[in-house]
Amino acid sequence: KILTELHLSASGLVDKETRLKLGQLTGAKILITGSVFRSGDNNYVVAKLIGVETSRVLPAAARGGGEATDLIPELAGKVVSQLTSRAQQLMPRKRTMLSVAGELSETVKGRGRKVYVKIRESISMPAIDPAAETELKKLLLALGFQVVENRNEAEYLFLGEGIATDSGHYRNFSSSTARLELNLYRGKTLLLSDRCKEVVAGASYVIAAKDALAQCSLALAQRMVPALK
């Protein structure tokens, strides 16, 4: 998902951090921002492709003696070329249960403590597997916690709700946007409350929706599970 912004160089008061926050709020993975200026006899149209989560930057530019708007087709072609050939340089490494477990294992030790997990999901069509719940349970087990099916037996409870919607199709791929809200309790005391939004493409809408919910679950786990250390 890409968010674009074009502004005159005089509006440079919108700093990089603000633009990255805007990308994160919209769920965009790549932010394209640019400026238009004149130097000598030439107009310049410059774009930056910014990885929202990595802060990595790729450039694209066009110049000419005519109107700045006449340079847009050339700039667009260069932006498309960068996205086609080098977009992966802007993206973070895909989050997996094993990578998150490896990151948390140095500080979080389950020691057999009992945890109950329940995350309701809706993807606007029948789907049996609870993707977000399953991913969180796998992570907790890998960290040495005991996942129980009776909430009354648990010391900690993860309770959440997720929803995924169709975000469009391109050729043989479907895209889905998922939003997950998760609360962490110790007994009846709320310890943490957080939310996440992810956009994922897959071979079908159901696969994309489930993968997006699973990615949300792992992202929230990275932030919330350390409270159990």
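Residues numbered from 1 in each chain as written. Predicted model: local features only at pLDDT ≥ 70, side-chain atom pairs only at ≥ 80, totals over all residues. Heavy atoms only, no water.

Q: How would you summarise the confidence of the model for the protein if you had to cite specific residues and measurements?
A: For the protein, the average pLDDT comes to 87, and 88% of its residues sit at 70 or higher. For the protein, per-element mean pLDDT is lowest for strand S1 (residues 2–6), which scores 49, and highest for strand S6 (residues 146–148), which scores 98. Overall, residues 5–14 carries pLDDT values under 50, and its contacts beyond four positions in sequence, including any with other chains, amount to 18 contacts. (pLDDT = per-residue confidence, 0-100. Helix = DSSP H or I, 4+ residues; strand = E, 2+ residues; numbered from the N terminus. Contact = heavy atoms within 4.5 Å.)

Q: Residues and numbers for the side chain of Arg113, please.
A: Following the sequence through the fold, Arg113 ends up in the loop between helix H3 (97–104) and strand S5 (114–122). Glu155 provides the closest opposite charge to the buried, salt-bridge-free Arg113, at an N-O distance of 5.2 Å. Within polar-contact distance, the side chain of Arg113 engages the backbone oxygen of Leu228 at 2.5 Å. (Buried < 20%, exposed > 50% of the residue type's maximum accessible area, 1.4 Å probe, protein only. Lys, Arg positive; Asp, Glu negative; His and termini not counted. Salt bridge = Lys/Arg side-chain N within 4 Å of Asp/Glu carboxyl O. Polar contact = N/O pair within 3.5 Å; in protein donor to acceptor, adjacent residues only side chain to side chain.)

Q: Pulling in residues and values, what's your account of the nonpolar core?
A: Across soluble globular proteins, nonpolar side chains show a tendency to be buried alongside one another. Leu136, Leu139, Leu140, Phe158 and Val225 are the most contacted members of the largest nonpolar core, which has 37 residues in total. Among the secondary structure elements, those contributing two or more residues to this core are H3, S5, helix H4 (131–142), strand S7 (156–170), strand S8 (173–186), strand S9 (189–202) and helix H5 (205–224). Top element by residues in this core is H5. It accounts for 10 residues. Aside from chain neighbours lying at most four places away, what touches Leu140 is Val115, Val117, Phe145, Val147, Phe158, Val225 and Leu228. The next biggest cluster of nonpolar side chains, apart from the first, holds 14 residues, and it includes Val45, Ala62, Val79 and Ala87. (Core = buried A, V, L, I, M, F, W, Y, C linked by side-chain atoms within 4.5 Å.)

Q: Which residues make up the sheet that holds S9, and what are the values?
A: Across the sheet, which stays open at both edges, the five strands sit in the order S6-S5-S7-S8-S9 with mixed pairing between neighbours. The sheet is open, and its two edges are formed by S6 and S9, each paired on a single side. In this sheet, neighbouring strand axes are inclined to one another by 25° on average, regardless of whether the strands run parallel or antiparallel. On the sheet, H4 packs against S5, S6, S7 and S8 and is oriented at approximately 160° with respect to S5. (Pairing = 2+ DSSP bridges. Axes fitted to C-alpha atoms, helices over the stretch in contact; angles between N-to-C directions.)

Q: Give me the lowdown on the pattern of salt bridges, citing residues and values where you can.
A: Per the counting criterion, the structure on display carries 10 salt bridges. Linking Lys137 and Glu133 is a salt bridge whose minimum nitrogen-to-oxygen distance equals 2.9 Å. Of the two residues, Lys137 and Glu133 both sit in helix H4, four residues apart, roughly one turn of that helix. Look at Lys137 and you get buried, because its relative accessible area is 17%.

Q: Give me H4: which residues, what numbers.
A: The first and last C-alpha atoms of H4 sit 17 Å apart over 12 residues, in line with the 16 Å expected at 1.5 Å per residue. Where H4 is concerned, the buried positions are Ala131, Ala132, Glu133, Glu135, Leu136, Lys137, Leu139 and Leu140. Where H4 is buried, its residues touch H3, S5, S6, S7, S8 and H5. (Expected span 1.5 Å × (residues − 1).)

Q: Tell me about H3, and please be specific about residues and values.
A: Those residues of H3 not exposed but buried are Met97, Val100, Ala101 and Leu104. Along the axis of H3, the buried positions cluster into a sector of 100°, meaning they face one direction only. Considering only its buried residues, H3 is in contact with H4 and H5. (Arc of directions from axis to C-beta.)

Q: Describe the pairing of strand S4 (residues 57–64), with residues and values.
A: By the alternation rule, side chains of S4 split into Leu58, Ala60, Ala62 and Gly64, which are all buried, and Val57, Pro59, Ala61 and Arg63, of which none is buried. Bridging between strand S3 (residues 42–51) and S4 involves eight bridges; their strand directions are antiparallel. Opposite Leu49, over in S4, you have Leu58 as the bridge partner. From the end of S3 to the start of S4, which pair antiparallel, there are five residues, and Ser55 there has a positive phi angle of about 65°.

Q: Please give an account of the state of the cysteines that cites residues and values.
A: All told, the structure shown has zero disulfides when counted by the stated rule. Free cysteine Cys196: the closest other cysteine sulfur is in Cys216, separated by 3.6 Å. On the accessibility criterion, Cys196 (9% relative accessible area) is buried. For Cys216, a relative accessible area of 0% gives the class buried. (Disulfide = S-S within 2.5 Å.)

Q: Now, about the side chain of Thr177: what can you tell me, with residues and values included?
A: With respect to the secondary-structure elements, Thr177 resides in strand S8. Ignoring sequence-local partners within four residues, the contact set of Thr177 consists of Ile163, Ala164, Thr165, Ser167, Lys197, Glu198 and Val199.

Q: Give a description of the environment of Gly162 that names residues and reports values.
A: The topology assignment puts Gly162 in strand S7. Note: C-alpha distance between Gly162 and Cys216 (54 residues apart in sequence) is 8.9 Å. Not counting residues up to four positions away in its chain, the partners in contact with Gly162 are Ile119, Arg120, Glu121, Ser122, Arg179, Leu180 and Leu213.

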